[in-house]
Structures are given as C-alpha cells and as structure tokens.
Amino acid sequence: MHRKLLPLASLYLVQGLPYGLQSGLLPILLRARGLSLTRVGLAKGLYAPWLFKLAWAPLVDRRGSPRTWLTLSTAALGLVCGLLAALPPNQASQDALPATVMGLLLLLNLGAAVQDVALDTLAVQLLDPAELGPGNTVQVVAYKLGAALAGGGLLVLLPTLSWPLVFVLLAATYWLAAALAWTAPALHQLPWPQPSEHTPHLQDLLAAPETLWTAGFVLTYKLGEQGAGSLFPLLLLDHGASAPELGLWNGLGAVACSITGSSLGGALLARHWEPLLLLRSVLQLRLGGLACQTALLFYLDTPGASVGPGTLLRGEGLALGVEGPGPVSTALPGGSGHHCSDHTPHPQATHYSLLATLELLGKLLMGALAGMLADGLGPHPCFTVFLVLSALPLLDLSLAPSTLA
C-alpha cells in the first residue's frame, strides 16, 4: 500500500500549491497594495474554472488514461508558472494585478482543475476499497501541506523572495511532478479505460445513495468558515500584523493544526468511528473556535488594542486561523470515495467532481461576498452572520439519511 500512497502524497502536495498561492499569498498582496475588501474578495473569481470540472470529468473517465491527463495537466501548470515568472507585476503600483497576470492565474486554475479530476480518478482506480480510508487521509494532509507551503510558507519568505523566483520554483516543482506522474511504477498498474456508450448524466449521479443529502451538506457546511477564513488575515493585516507574521501564525501554524486534525480524523475513521458522530463533534468545536475568533476581532477594535509582541494574539491566530478542523475534510471525501467505488467505473470522476464542485461553489460564493459584507455591514455584523452559517450544518446533520448513521 505504501508504494501507492507515496506517489499519491507527492502529487496531492503539488495539487495544493495553486490553492495556497491564491488563498494565502494573493489576498495579502492585494490588500497590501491598497485594494478594498470587496475587490480582494472578487479576485476569488479566478477559481471559476473549478466550477466547470463536470464538463471535462467525463472526458477523463472515457478518453485516454488518467495518468496521461495528470502528466499533461501538471506539465502545463509548469508552463503557466514559467510565463508568470517572466511577467512580474510592478511592485510599486497601488493598482490591481495586470490583466495578463490575472489571465495567467485563471489558466493556472484551469490546469489545476483538470489535474484535480485526473488525480482523483487515478486514486479511486488505484486504491483497493480497504485502502480508501488511508488514501483519503493522505489526500487531505498532503493537499493542505502543499497549500501551506505555497501560502503561509511564501508569506514568511516574502521579504527575500521575488515574484520571478517564486514562479520559477513552482514551475520546476510542477515539471518534476509531471515526471513522477509518468514514471512512477505504481501508476503503471492502472487499467486502460474501456470505451462505453453510456455517458453519465446528472440524473444518474443523483440516483446514487445519499447523493442529494451529501450534495446539500457539502454546498453549505463551509459557508461560515470560508467567510471568516477569507477576512480574518486581512483584518489582522489592517490592525498591524505583517505578512511574514500572518504566514507563520495564520498560515503554516494553522495548517499544521488542520493537518493534525485530518490525521486524527483518518485514524478515528479507520477505527470504525461513526462518521456522523465525528462530524457533529468537529462542527461543534469549529463553531466554538469561530466564536472565539469573533471575540478576538471585537477586542482588536477596543482602544489601545494591537497585534503586538505583548499580546496573546499571535497564539490565538495560530489556534483560531484553522479553516475548519481537519476531520471534516477527511470524513467527507471518504464517504464520496466509497460511493464512487460502488458504481460503474466510468462515472467515478464525474460523481466525485459533482460533490467537489458543489463544495467549491459554496466556498467561492462566500469567499467572494465576504469582502462586500464586511465593507457594507462592518466586520462585527459580518462575523455574526458567519456564526449563524456555521451553526446550520449541525441542524443539517439531524436530517442525514439513516444509511449514513
């Protein structure tokens, strides 16, 4: 099993790089250039290609091998990063990033979305049913580690790294990953997909057990935490925190906590804990963390408060900056993966991509609207809304189908 999980871990780590780059590094750079919270939030529109994964997921299922798709998409990501290295934005400008750079970042997301479909398909085909639990843990942990390195890690090193150097390093990483995807012995064991006259339709996917409830849950369960996670580091930046500090405490430290939670969640699921009981406990913990985060922001607005060495805010940023405890992410893909494996092999990527696309839609909408809410209502009412949204998934769990209990 280890010879399967090691290459998958490396590839999932690389897959997390674009998310960390654009969720951790890019918003801080835009806010530091003087853009409003609304404009920073609207930059989430760069994630739009991920919403259309269902358009090419059937192609990955039915045309060519997932290893070929994975290799080509990863190499293309390296090419886009090379172009970004050659076109650095003007550091002295107070405007948004140039249209050319934004277009290349859009292409980066397009390539990453294709890579995501191919890698998920490859993982489902490669792993045996008994290996899906450890495989899901490897997926979540490696992805978050990659996001932490490209987000918090680059923020920590921001004063010493130039824009061209960052993207040269990313391009080299992608090309090494493409070579791994093509040459790894474990990935050569995949069967070549057989032609099929059946193209999966939406009604076929919705006919899968528990798909409707799972779809509704993944669409809504991250609304509150995504809004808070999008705004929290920007508000800390406004209150005097530096980019390296945010990278360390709200980036690397927070993801380290999240990875620990993901690993713990995978271990508990492997010991046959009931997923719904685990989800309920974790969602309650997340709600309490968001309440503390909201109280922290109220404190920052009191006279004399600051993010200075004499306060405990750095430690609180580490503890509260986690974007949702890891067991939630570990448990949900596990259920989706098992549902995929119970059906015909061809719709695997499409079924998985449907749930992943719905989750991303909820995150993208709230991430884009959070800045507007903060600019229009103010941070305090905005975070109160996030608290309410984070409580709703607990009510949703009471409506879960009995087959998931």
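The model shown is predicted, which means the values in this text are computed figures rather than measured ones.

Reading the values: the criteria
Residues numbered from 1 in each chain as written. Predicted model: local features only at pLDDT ≥ 70, side-chain atom pairs only at ≥ 80, totals over all residues. Heavy atoms only, no water. Helix = DSSP H or I, 4+ residues; strand = E, 2+ residues; numbered from the N terminus. Buried < 20%, exposed > 50% of the residue type's maximum accessible area, 1.4 Å probe, protein only. Areas by Shrake-Rupley, 256 points an atom, 1.4 Å probe, with all protein chains shown as cover. Salt bridge = Lys/Arg side-chain N within 4 Å of Asp/Glu carboxyl O. Core = buried A, V, L, I, M, F, W, Y, C linked by side-chain atoms within 4.5 Å. Contact = heavy atoms within 4.5 Å. Axes fitted to C-alpha atoms, helices over the stretch in contact; angles between N-to-C directions. Parallel < 35°, antiparallel > 145°, perpendicular 65-115°, else oblique. Left-handed = near helix turned anticlockwise from the far one by under 90°. UniProt positions renumbered as here; feature names shortened; annotations may be inferred. Expected span 1.5 Å × (residues − 1).

Each helix and strand counted, the protein chain has 17 helices and zero strands in total. Counting over 405 residues, the protein chain shows a buried share of 56%. By element, 70% of the accessible surface of the protein chain is carried by carbon and sulfur atoms, the whole surface being about 16,900 Å².

A word on the pattern of salt bridges. Counted under the stated rule, the structure contains three salt bridges. Two residues, Glu359 and Lys222, come together in a salt bridge whose shortest N-O distance is 3.6 Å. One end of the pair, Glu359, is in helix H16 (residues 348-377); the other, Lys222, is in the loop between helix H10 (211-220) and helix H11 (223-238), with 137 residues separating them in the sequence. This pair shows no difference in class: Glu359 is buried, exactly as Lys222 is. Across the salt bridge formed by Arg286 and Glu225, the nearest N and O atoms sit 2.6 Å from each other. With Arg286 in helix H13 (residues 275-300) and Glu225 in helix H11, the pair connects residues that are 61 residues apart, well separated along the chain.

This part is about the nonpolar core. Grouped together as the largest cluster of nonpolar side chains are 85 residues, with contacts concentrated most on Phe167, Leu231 and Phe386. Ranked by residues supplied to this core, first place goes to helix H6 (residues 99-126) with 13 residues. Listed in part, the 14 residues of the second largest apolar core include Ala215, Phe217, Leu276 and Leu358.

Topologically, Gly78 is positioned in helix H5 (residues 66-86). Residue class for Gly78 comes out buried when judged on its relative accessible area of 0%. On a C-alpha basis, the gap between Gly78 and Gly111 in space is 9.7 Å, while along the polypeptide they are 33 residues apart. Residues within four places of Gly78 in sequence aside, it is in contact with Ala171, Tyr174 and Trp175.

Turning our eyes to something else, we now look at the packing of helix H1 (residues 2-15) against H6. Two measures define how a pair of helices packs: the angle their axes make with one another and the distance between the axes. The interhelical angle for the contact between H1 and H6, taken along N-to-C directions, is 165 degrees, at an axis separation of 11 Å. Relative to H6, H1 is oriented roughly antiparallel. Once H1 is placed against H6, the crossing between them reads as left-handed. Along its contact with H1, which presents Lys4, Leu8, Leu11, Tyr12, Val14 and Gln15, the element H6 presents Gln115, Asp116, Leu119, Asp120, Leu122, Ala123 and Leu126.

According to UniProt, the positions carrying the feature "transmembrane region" (unreviewed entry) are residues 68-87, 99-118, 138-158 and 165-184. The straight-line gap between the two end C-alpha atoms of residues 138-158 is 28 Å; of that span, 90% is helix and 0% is strand. End C-alpha atoms of residues 165-184 are separated by 28 Å, and the span's content is 95% helix alongside 0% strand.

Further remarks concern the environment of Leu365. For Leu365, the location among the structural elements is in helix H16. Considering only alpha carbons, one finds Leu365 and Gln226, 139 residues apart in sequence, at a separation of 9.3 Å.

With 28 residues, H6 extends 40 Å between its outermost C-alpha atoms, agreeing within 8% with the 40 Å of an ideal straight helix rising 1.5 Å per residue. H6 sits mainly inside the fold: 20 of its 28 residues count as buried.

Turning to the packing of helix H2 (residues 17-32) against H6, a few remarks are in order. Contact geometry for H2 and H6: axes closest at 10 Å, N-to-C directions at 140 degrees. In this structure, H2 contributes Pro18, Leu21, Gln22 and Leu26 to the contact, and H6 contributes Leu105, Leu108, Asn109 and Ala112.

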